[in-house]
Amino acid sequence: MIRDLLLSLRPVRVFSCSLLLLAFSVGAFAQDDAAAKAEAEKQAAELVKAADAAKQQADQAEAALKAAQQKAAELQNAEVKLKSDAAKAEKATKEAEEKLKPEQEKVTKADAAKAAAEKAANDAKAALDALKKQLADAEKKAADETAKAAAAQKALADAQAAMAAVQKTVNDAKTALTAAQTGLKQTGEQLAAFKPQLDKAGETFAALDRAHIEKRQAAEHALIKIGKLVSFAESVAPIFAKRCLACHNAKTAKGRYNMETFAATLKGGESGEALVAGDPDSSTLFAMLEDGSMPKDADPLTPEQLAAVKQWIATGAILDAGFAPNQPLIEIMPKLPQPPAPEAYPVPIPVTAVAFSPDGTQLATSGYHEVVLWNVGDGKIIRRITNVAERVYDVEFTADGQQLVVAAGTPAQIGEAKIFNVADGALLGDLIRTDDSVFGVSLSPDGKRLATCGADRSIRVFDYASKQQQLLIEDHADWVMDIAWSPDGSKLASASRDKTSKVFDANTGDSLVTFNGHGQPVYGVAFSPDGNLVVTSGSDKQIRVWNTGDAKQVRAIGGFGNEVFRLVVTADGNVFSCSADKNARIHQISDGKLVRTFGGHADWVYSIAVNPGTKRVAAGAYNGDVRIWNLDDAAETLKFVAAPGYTPPAATAAK
């Protein structure tokens, strides 16, 4: 680049020399003509001057050129040196970089080693701190253990002292026991010798008490006969039970007056003393009965009933001999036969219970003060079993078909569970009488026990052979509508108007679980064939299946148009139900699937029965109709009105 600059400056010097030669030529021509010479001289002078100036400029340019060339040479030298230095620097850099890599690796390793060392130092410090803490804890624990050892030593000393005292007590007790055993033996011998005398005294007292009661009863009977006394048990208690107990019981007690027992009747209520023995006119109870203010909102007592109550008060208002004052009226009243059933029904009544005999040839249906046995083949009456309360709510045959258990009641007056001989209708057992209806009966799978439930909120279990009550369960807050045994007989399940179903231990009566999934009154209950599930039905239009262990719902079965009443579960895992939507149905417990519907009824269907052997299903309705269907195809095989002697109005008109 500097060399090119020098070459470009050379023509300037050549041009200056040409100007000088031109000046010499002009001077030669000036000698021939003076003027021209002078002019030429002038011009020459000017040219010289110009040449000098040009030379000066050329010299300056040359000097500048030299300076530039020198500068260029210096720059070239500097450039060469810089290139050399740069090459050396580049080489040195590469060598330094090559040397730097291992050093960097060393630094990296050193950093890692430093970090590891710092971590190890921190860990060591933490470990040291932990060891210091452990040492401190160990020292504290050692101190504590030392204190405990001292305390234990003291406790040992105290225990040894106490043991010595106890040993002394034991020795004293052994001495006393020996003496007591000797005395006990002597006393036992004396008691054994005295027992005949004690037994005799007991027998004598029992005999004298019986004699006293018998004599008192004889005296009372004599006084009753001549009108000097009135039997409370036979003449007055039935009146109070029938006309008063509906409002004046322990649960209701209107006016705080409870008349469930003789003692409660005498006690009175919020109005004070109810009776003044010997003075009917001063007795508030009689005054209210006489003026018709009691029974409230009901027909007054008949003149005969008023006369009996008045005479009872006038003659001392006493309780018959042999009864306790706190016995319920229902227990001291005579067990009189129930009113007879009508020879011919003027109208049909709701069929609230149906049951097949084990062989499927007979069907028992509820009636008015009776149970009617029908021939399943032709619908003819086989037998009418009477001497039952007004309404029959449940019936069940024994496994051999020879006996029939009946649950019945006259609402707010009496409830009963009775056993009848199927062959002739004879009463074989009168298990229970309560002050309100009995709704359900259920025989245990082995037939040895019988459970009942009813409006008194109780469940009772009886030994079937002896007819003795074994259990009384009072765990529900309202009517118990139905009762069922588990397949192994170890549990009972209930359905109640208090909107719950419960499972109980059948041996102890303990409540095991409570199911409240219906949220409405529960009417029907049954166990699944394996006993692991309970099936219930209710006012919520649902059948619900739930676990016996934790009362958790497994499934709900819907599709009903109204309330679902009774249930029957068969060994094949099907649940039969009847509903106020006028149908009976079969569902599978396993998945809730509807298997079959049995239709044809024109009114609420209250009761249902199944006989797997003959493959028949029967149901009774509110209007008195009974229908029997074939199990496999729901074809109707028989229909009749369960009202003996009833003649439909249309048939009467035609006749």
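Check the entry above for the structure.
This is a predicted model, so every value here is computed, not measured.

Visitor: Which residues make up the overall build of the protein, and what are the values?
Guide: Scanning the protein from terminus to terminus reveals 8 helices and 27 strands. The proportion of buried residues among the 655 residues of the protein is 37%. Sequence-distant contacts, at least 24 apart, represent 46% of the contacts inside the protein between residues at least 6 apart. In the form shown here, the protein has an accessible surface area of approximately 36,300 Å², with 56% of it arising from carbon and sulfur atoms.

Visitor: Describe the side chain of Asp540, naming the residues involved and giving the relevant values.
Guide: Inspection of the secondary structure puts Asp540 in the loop between β17 (533-538) and β18 (543-547). Of note is the side chain of Asp540, whose polar atom sits 2.9 Å from the side chain of Arg544. Residue contacts for Asp540: discarding those within four places in its chain leaves His518 and Gln520.

Visitor: So what about the packing of aromatic side chains? Which residues, and what values?
Guide: Counted under the stated rule, the structure contains 15 aromatic pairs. With 5.2 Å between their ring centres and 45° between their planes, Phe439 and Trp479 make a pair best called tilted. You can see Phe439 sitting in strand β8 (residues 438-443) and its partner Trp479 sitting in the loop between β11 (469-473) and β12 (480-485), a full 40 residues away along the chain. For the ring pair Phe565 and Trp604, a centre distance of 6.2 Å and an interplane angle of 40° mean the geometry is tilted. Pair noted here: Phe565 is in strand β20 (residues 564-569) and Trp604 is in the loop between β23 (594-598) and β24 (605-611), with a separation of 39 residues, a long-range link. In this structure Phe565 comes out as buried when scored by relative accessible area, which is 9%.

Visitor: Before we move on, can you summarise the pattern of salt bridges with the specific residues and values?
Guide: Under the definition given, this model contains 13 salt bridges. Here Glu390 makes a salt bridge to Arg391, at a shortest N to O gap of 3.3 Å. Classification of Arg391 by relative accessible area gives partly exposed; the value is 43%.

Visitor: Now, about the pairing of strand β21 (residues 574-579): what can you tell me, with residues and values included?
Guide: For β21, the buried fraction is high: 6 of the 6 residues fall into the buried class. Residues of β21 alternate between two faces, with Asn574, Phe576 and Cys578 on one and Val575, Ser577 and Ser579 on the opposite face, all of them buried. Pairing between β20 and β21: 4 bridges, direction antiparallel. By the bridge assignment for β21, Val569 is matched with Val575. Between the antiparallel neighbours β20 and β21 lie 4 residues, among them Gly573 with a positive phi of about 85°. Where β21 and strand β22 (residues 584-588) come together, 5 bridges link them in antiparallel fashion. Note that in β22 the partner of Phe576 across the bridge is Ile586. The turn joining β21 and β22, which pair antiparallel and follow one another in sequence, is formed by 4 residues; a positive phi near 80° is taken by Lys582.

Visitor: I'd like a description of unusual backbone geometry, backed by residues and values.
Guide: The omega torsion of the bond from Met294 to Pro295 falls at -5°, within 30 degrees of zero and hence cis. Examined against the element boundaries, Pro295 turns out to sit in the loop between α5 (284-290) and α6 (303-314). One non-glycine residue, His369, lies in the positive phi region at around 60°. Residue Ala412 is not a glycine yet carries a positive backbone phi of 65°. Looking at the element boundaries, Ala412 is found in the loop between β5 (403-410) and β6 (414-421). Among the residues examined, Ala412 registers a relative accessible area of 28% and is labelled partly exposed.

Visitor: If you had to explain the nonpolar core to someone new, which residues and values would you point to?
Guide: Counting residues in each nonpolar core, the largest one holds 31 residues, and the members touching the most others are Phe232, Phe240, Leu285, Leu289, Val309 and Trp312. Looking at this core, the elements that each hand over two or more residues are α3 (232-243), α5, α6 and α7 (329-332). No other element matches α3, which puts 6 residues into this core.

Visitor: Break down the pairing of β5 for me, with residues and values.
Guide: When you tally the buried positions in β5, you get 7 out of 8 residues, the bulk of the element. Strand direction decides the pairing type here: strand β4 (residues 381-397) and β5, joined by 6 bridges, are antiparallel. Pairing of Asp394 across the sheet is with Ala407, part of β5. Counted along the chain from β4 to the antiparallel partner β5, the turn is 5 residues long, and its residue Gly401 has a positive phi close to 75°. One ladder, built from 8 bridges, connects β5 with β6; its direction is antiparallel. Within the sheet, the bridge partner assigned to Ala407 lies in β6 and is Ala417. Counted along the chain from β5 to the antiparallel partner β6, the turn is 3 residues long, and its residue Ala412 has a positive phi close to 65°.

Cut-offs and rules
- Residues numbered from 1 in each chain as written.
- Predicted model: local features only at pLDDT ≥ 70, side-chain atom pairs only at ≥ 80, totals over all residues.
- Heavy atoms only, no water.
- Helix = DSSP H or I, 4+ residues; strand = E, 2+ residues; numbered from the N terminus.
- Buried < 20%, exposed > 50% of the residue type's maximum accessible area, 1.4 Å probe, protein only.
- Contact = heavy atoms within 4.5 Å.
- Areas by Shrake-Rupley, 256 points an atom, 1.4 Å probe, with all protein chains shown as cover.
- Polar contact = N/O pair within 3.5 Å; in protein donor to acceptor, adjacent residues only side chain to side chain.
- Phe/Tyr/Trp six-rings, centres within 6.5 Å; stacked < 30°, edge-to-face > 60°.
- Salt bridge = Lys/Arg side-chain N within 4 Å of Asp/Glu carboxyl O.
- Pairing = 2+ DSSP bridges.
- Core = buried A, V, L, I, M, F, W, Y, C linked by side-chain atoms within 4.5 Å.

The values reported here are purely geometric and, on their own, carry no functional implication.
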